[in-house]
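Descriptive analysis of the structure
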Amino acid sequence: MTSFERLQNRMVGNPVDRPPNFDIMMQFATRHIDKPLRDYYLDHRVLVQANMAMLNDFQLDIVQAISDPYREAFDLGLEVSFPEQSLPISTSPLLREPSDLARLTTVDPVNGRRMHDRLEAIRLFREKVGGCTPIMGWVEGALAEAADLRGVSTLMLDLFERPDWVIELLEFCCEQAILFARAQMAAGADIIGLGDAVASQVSPAWYRLYALPYERRIFQAVKNSGGIARLHICGDTTLILHEMATSGADIVDIDWMVDYQKAAEISDNDGPAICGNFDPVKIMLQGSPEQVREAVINCLSIGGDKNLSAAGCEIPINTPYSNLHAQTAALSEYYSMA
Amino acid sequence: MSEFVEQLALCVERGKVNRESLYPPDLHGQDGTDELAKQALEQGLKPDTILEGCILGMDRIGAKFSENKAFVPELLMAAKAMTAAMTHLKPFFQSGAVKRKGTFVIGTVAGDLHDIGKNLVAMVVEGGGFEVIDLGTNVTTAKFLASIEEHPGCSVGMSALLTTTMVNMEGTIKAIKEKYPETLVLVGGAPVTKQYADKIGADGYSPDPQGAVAILNKKVA
Ligand code: B1M
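Model, not experiment: these values are computed from the prediction. (Residues numbered from 1 in each chain as written. Chains lettered and ligands numbered in written order. Predicted model: local features only at pLDDT ≥ 70, side-chain atom pairs only at ≥ 80, totals over all residues. Heavy atoms only, no water.)

A few words on the domain arrangement of chain B. Residues and elements named next belong to chain B. Domain boundaries in chain B define domain 1 (3-95) and domain 2 (103-220). Relative to domain 2, the C-alpha centre of domain 1 lies at a distance of 25 Å. In this assembly, 12 residues from domain 1 lie in contact with nine residues from domain 2. For the pair domain 1 and domain 2, the summed buried surface comes to about 900 Å²; carbon and sulfur atoms form 77% of the total. (Domains from an automatic or database assignment. Contact = heavy atoms within 4.5 Å. Buried area = accessible area lost by both parts, 1.4 Å probe.)

What follows is the structure in structure tokens.
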């Protein structure tokens, strides 16, 4: 069974040889191939090489062009620096004043330096593993992008003080995300992941108002291009699980703070597949292989027939290899138990 | 408790900054923390009363936050309302009529851009009567040292949200302690624990902003 067949079967609850491993790998993958982090963010060849190593050495079932939150924002003009051995750093917001929004225009991803680099990554993935391994592109959700451009804390206050302006900004971000999602689909992506990290920090009422409608529109564009939609909101999303299920996502990632049993409810009937959700730090980074095994099997046994295996969020850079191997082994073991 | 303290606390809790603010809609057109603080001073109320109202309001919204009845935006808005009241105390602080309890330099450590928690701590500590110097995010050891140099006798707070960046605290603490051994260093942020704080030589750890204020208060007591 190829990884692609494994995913397709699993998403509809059909039998698989083992549940797909959908861990999010970025910094860890770069360390594994012994390259500077900066190169992973700026050079698609390094990103692809790191992902290929994850397939071969840890049997992942996905290759992924996700890297950091600032692909779109950089091309829109946000200042970002790329230290050799750390995460990209953005220190001053692009939208210092609300009036700065009037100056922003969407960028065709083909012409944007960092968005284009992601398109190149997807094309290279297509050449290497197209049709066999699912290829995932990535966009920022409108609310997350708005926070990247304005600064999270300022945006949170804007939501109280100038809600109409925020809607205008969200419309802009949504339009940019749709352009980017479509371009990634055209480049050969099978899945588009949408990251909306700050959505876990607002009330459910605000999630419904300021995040969900845009997630829906972006996912609709992904579906219209024939893609699979994956929603990723880091943090505790317990209070918005049922709304997330209505975003149009085929796969909903669940972070470790959420009770997976509760999350599994959204998967019932025609609901999306869920993906998660053991603790990337306490279990993957700091736990023992036996704890990883237990956590993986526990998630599989409560997540339902459609659920995919992954830590709740990115695999930390210094994760011991033995823990990732324990996850791989647990996935095969689970199959043999079934 | 006086009616004034109660009224100011309510405006802080609800994030009502001034008469013009659109939020919260049900208080539209009414005085906010800005006007209340101004009027209180004009009427001869003690500046401490303003602090009392601010702290009470922040405590209330903090409790709601812990119970999932309020979220980060509400907390930030409350902090903004508190800051609007505190602005009126500035002349008293400057003239020395009301003493700031001390200076608190805070920043998110090098490599880390998460600033929501750090901002909340900064605002609550300010509400607790301290002067706050916010160095922002991605703060290097050199920047912390320069700020201590500029503010002799200050305490320092470091926030980290990533397991990969919290390790940077250790080097910074070492450098601070070498050059300014008397400086009290506090650490916090989601992945940081008391054990970790002890291990890296921090003087204090708190899981929340209120705890940070309590530690600082102990120092000045
Ligand atoms: C001095 O004394 C003190 C005392 C108390 C102190 C204190 C100091 N500082 C804080 N406190 C305490 O008081 C506050 C109030 O109670 C509390 O502060 P907190 O900061 O803990 O809490 C805040 C009030 C609310 N919480 C938050 O603000 C964090 C929320 C989550 C969702 C989160 C967000 C929003 C973001 N993120 Co990031 N993000 C996550 C978070 C997941 C989660 N935990 O829910 C976390 C922290 N992020 C993570 C990651 C991995 C990342 N993030 C990244 C980026 C971002 C955004 C930019 C998208 C955004 C940050 C925006 C911003 N300006 O802050 C990247 C790093 C960027 C960087 N260089 O820093 C990136 C690396 C992702 C990537 N590969 O790009 C994870 C860290 C894992 C780990 N432990 O190492 C994470 C836990 C998500 C996850 N599930 O894995 C207390 O800790």
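On inspection of all chains with the given rule, the structure shows 28 salt bridges over all chains. As a salt-bridge pair, D250 of chain A and K223 of chain A come within 3.7 Å of each other at their nearest N and O atoms. With D250 of chain A in the loop between α11 (241-244) and β5 (251-254) and K223 of chain A in helix α10 (residues 204-224), the pair connects residues that are 27 residues apart, well separated along the chain. Of the charged contacts in the structure, one is a salt bridge between E6 of chain B and R60 of chain B, with a shortest N-O distance of 2.9 Å. Taken together, the residues span a long stretch of sequence, with E6 of chain B in helix α1 (residues 3-14) and R60 of chain B in helix α3 (residues 47-66) at a distance of 54 residues. In this structure R60 of chain B comes out as partly exposed when scored by relative accessible area, which is 27%. Bridged by salt links that share partners, the residues R6, D17, R18 and D61 of chain A form one connected network. (Salt bridge = Lys/Arg side-chain N within 4 Å of Asp/Glu carboxyl O. Helix = DSSP H or I, 4+ residues; strand = E, 2+ residues; numbered from the N terminus. Buried < 20%, exposed > 50% of the residue type's maximum accessible area, 1.4 Å probe, protein only.)

Okay, the pairing of strand β2 (residues 135-140) of chain A next. Residue and element names in this part refer to chain A. Along β2, six of the six residues are buried, which leaves the element largely enclosed by surrounding structure. Residues I135, G137 and V139 point to one face of β2 and M136, W138 and E140 to the other, with burial holding for every one of them. Here five bridges tie β2 to strand β3 (residues 191-195), and the two strands are oriented parallel to one another. When the sheet's bridge partners are listed, W138 is paired in β3 with G193. (Pairing = 2+ DSSP bridges.)

Counting protein donors to the cobalt atom of the ligand gives just one, H114 of chain B (NE2), placed at 2.3 Å. Among the structural elements, H114 of chain B can be located in the loop between β1 (103-108) and α6 (116-127). (Donors = N, O, S within 2.8 Å, 3.2 Å for Na, K, Ca; no water.)

Turning to the sheet that holds strand β5 (residues 204-205) of chain B, a few remarks are in order. All names here are of chain B. Taken together, the five strands give an open sheet; going across it, the order is β2-β1-β3-β4-β5, and neighbouring strands pair in parallel fashion. Looking along the sheet, the strands with just one partner apiece sit at the ends: β2 (131-134) and β5. Where strand β4 (residues 185-188) lies against β5, two bridges are found, and the strand directions are parallel. When the bridges of β5 are listed, L186 appears paired with G204. Packing against the sheet, α6 makes contact with β1, β2 and β3 (155-159), and its axis sits at approximately 170° to β1. (Axes fitted to C-alpha atoms, helices over the stretch in contact; angles between N-to-C directions.)

Residues and elements named next belong to chain B. Looking at chain B as a whole, its pLDDT mean stands at 91, while 100% of the residues score no less than 70. Within chain B, the element-level pLDDT minimum falls on helix α5 (residues 90-95), averaging 81, and the maximum on β3, averaging 98. Interface confidence for the predicted complex, expressed as ipTM, amounts to 0.89; the pTM equals 0.91. (pLDDT = per-residue confidence, 0-100.)

Our focus in this paragraph is unusual backbone geometry. Residue and element names in this part refer to chain A. A cis amide bond links G276 with the next residue in sequence, N277, at an omega value of -10°. Within the fold, N277 resides in strand β6 (residues 273-278). Phi at D34 takes a positive value of approximately 60°, unusual for a residue other than glycine. By the secondary structure assignment, D34 is in the loop between α2 (27-32) and α3 (37-42). We classify D34 as exposed; its relative accessible area is 69%. Although it is not a glycine, N269 adopts a positive phi angle of roughly 55°. In this structure, N269 sits in the loop between α12 (260-264) and β6.

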